[in-house]
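Here is how the chains run, residue by residue.
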Amino acid sequence: PVLTLLYLFPGLFFQTVRLLLRNPDISVIHAQGITAALITRCVNIVFHKRIIMSTHAIYSLPQNPILARVFTAILRGFDRILTLSELSKIELISAGVPAQKVDRYMYWVNQDIFKPGNRQEIRKKLGWTGKTVFLFVGRLLVMKGTRIVSELAGRMTGTQAQFVVVGTGPDEQYVAQSARRYPNLKYLGALGNRKLPEYYRGADYLLVPSQYPEGMARVVMEAMSSGLPVVATKSGCMPEMMTHEKTGMLTGQSDKEILPVLCGLLRQSTVQKKYARAAVHHARKFFTNTNVLPIINAYRNISI
């Protein structure tokens, strides 16, 4: 975290000052994340704007009292703090951030792009007919659960389960090697946003085996909007984003805990359609662009 701060601070600080000097009519500075929040507090000593901060992660402040004090010192000076999950809101208030300054917001996705399609036709095109496809989409990081995906593929070799991984990142070589080892694991690398919806529409489940508390998983919103139910670890924001045994399944973090859930879904093939319908309904209710309103209200100084 200290190195990240040292890396990001100078460039972002001077660009922010430059922007404010060139645009004196700017009335609100919206800081995205804690480093930007620190920069905003510094520049606002001179510029005196309305300042808003958005969180994008869960910082585990109760387990780190020193970090909690630092966060509180930075955030007390903000007019409004927007947290991405209820868990994030609770941890900031518990750390000492005034509750009246903290509100919730949520991401949204373009539901004209991420929407259900002709699933059978797509599955035939992708060669997934007769298989139960568990799709992983995201950065290839150990904490995202990429190695859990590989372990599951190895344990479910010989079944109808097919694992498909989309993304790039530091764990790419491990995933690629696992794909060569296990015939039921396919690694596709990076896919453009125009291609990704087709894979959401054709798969059976999105697999999110995160090994850390997710702040808010956009892939879950994209998948559910596309009619794809989710199997996720019950960490961080996941219980807020989906409903267990309705829009998918929540499970523990280890491969030993996830494996029986996936095997159960293989045996109960008809439940996928029920979960898919519920996922779309949930997404159309909670993941639309009306979620921008708490941000706009914060700019206008309107209480939510």
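Further up the page is the structure itself.
Presented here is an overview of the structure given in this document. Only a predicted model underlies this, so the values are computations on that prediction, with no experimental measurement involved.

By secondary structure assignment, the location of R218 is in helix α9 (residues 218-225). Taking relative accessible area as the criterion, R218 reaches 38% and is therefore assigned partly exposed. When the C-alpha atoms of R218 and G138 are compared, they prove to be 9.5 Å apart, with 80 residues separating the residues in sequence. The residues contacting R218, other than those within four sequence positions of it, are Y107, W108 and V109.

In this section: helix α5 (residues 119-126). Taken as a whole, α5 has its buried residues at R119, I122, R123 and L126. End-on view of α5: buried residues confined to an arc of 100°, all on one side of the axis. Residues Q120, E121, K124 and K125 are exposed on α5 and point more than 90 degrees away from its buried face. Summarising the contacts, the buried residues of α5 are in contact with β5 (132-137), α8 (196-202) and α12 (271-286). Looking one or two residues beyond α5, the residue adopting positive phi is G127, at roughly 75°.

Moving on, we come to the pairing of strand β8 (residues 205-208). Burial of β8 is two-sided: the residues Y205 and L207 facing one way and the residues L206 and V208 facing the other way are all buried. Both β5 and β8 contribute to a ladder of two bridges, which runs parallel. Across the sheet, residue L135 finds its bridge partner in β8, namely L206. Note that β8 and strand β9 (residues 230-233) share three bridges and pair parallel.

So, on to the sheet that holds strand β2 (residues 50-54). Spatially, four strands are ordered β1-β2-β3-β4 in an open sheet, and the strand pairing comes out parallel. With one partner strand each, in any of the chains shown, β1 (28-32) and β4 (102-104) form the two edges of the open sheet. Each adjacent strand pair in this sheet contributes to an overall mean axis angle of 25°, direction not counted. Where β2 and strand β3 (residues 80-83) come together, three bridges link them in parallel fashion. Note that in β3 the partner of I52 across the bridge is R80.

Conventions used here
Residues numbered from 1 in each chain as written. Predicted model: local features only at pLDDT ≥ 70, side-chain atom pairs only at ≥ 80, totals over all residues. Heavy atoms only, no water. Helix = DSSP H or I, 4+ residues; strand = E, 2+ residues; numbered from the N terminus. Buried < 20%, exposed > 50% of the residue type's maximum accessible area, 1.4 Å probe, protein only. Contact = heavy atoms within 4.5 Å. Arc of directions from axis to C-beta. Pairing = 2+ DSSP bridges. Axes fitted to C-alpha atoms, helices over the stretch in contact; angles between N-to-C directions.

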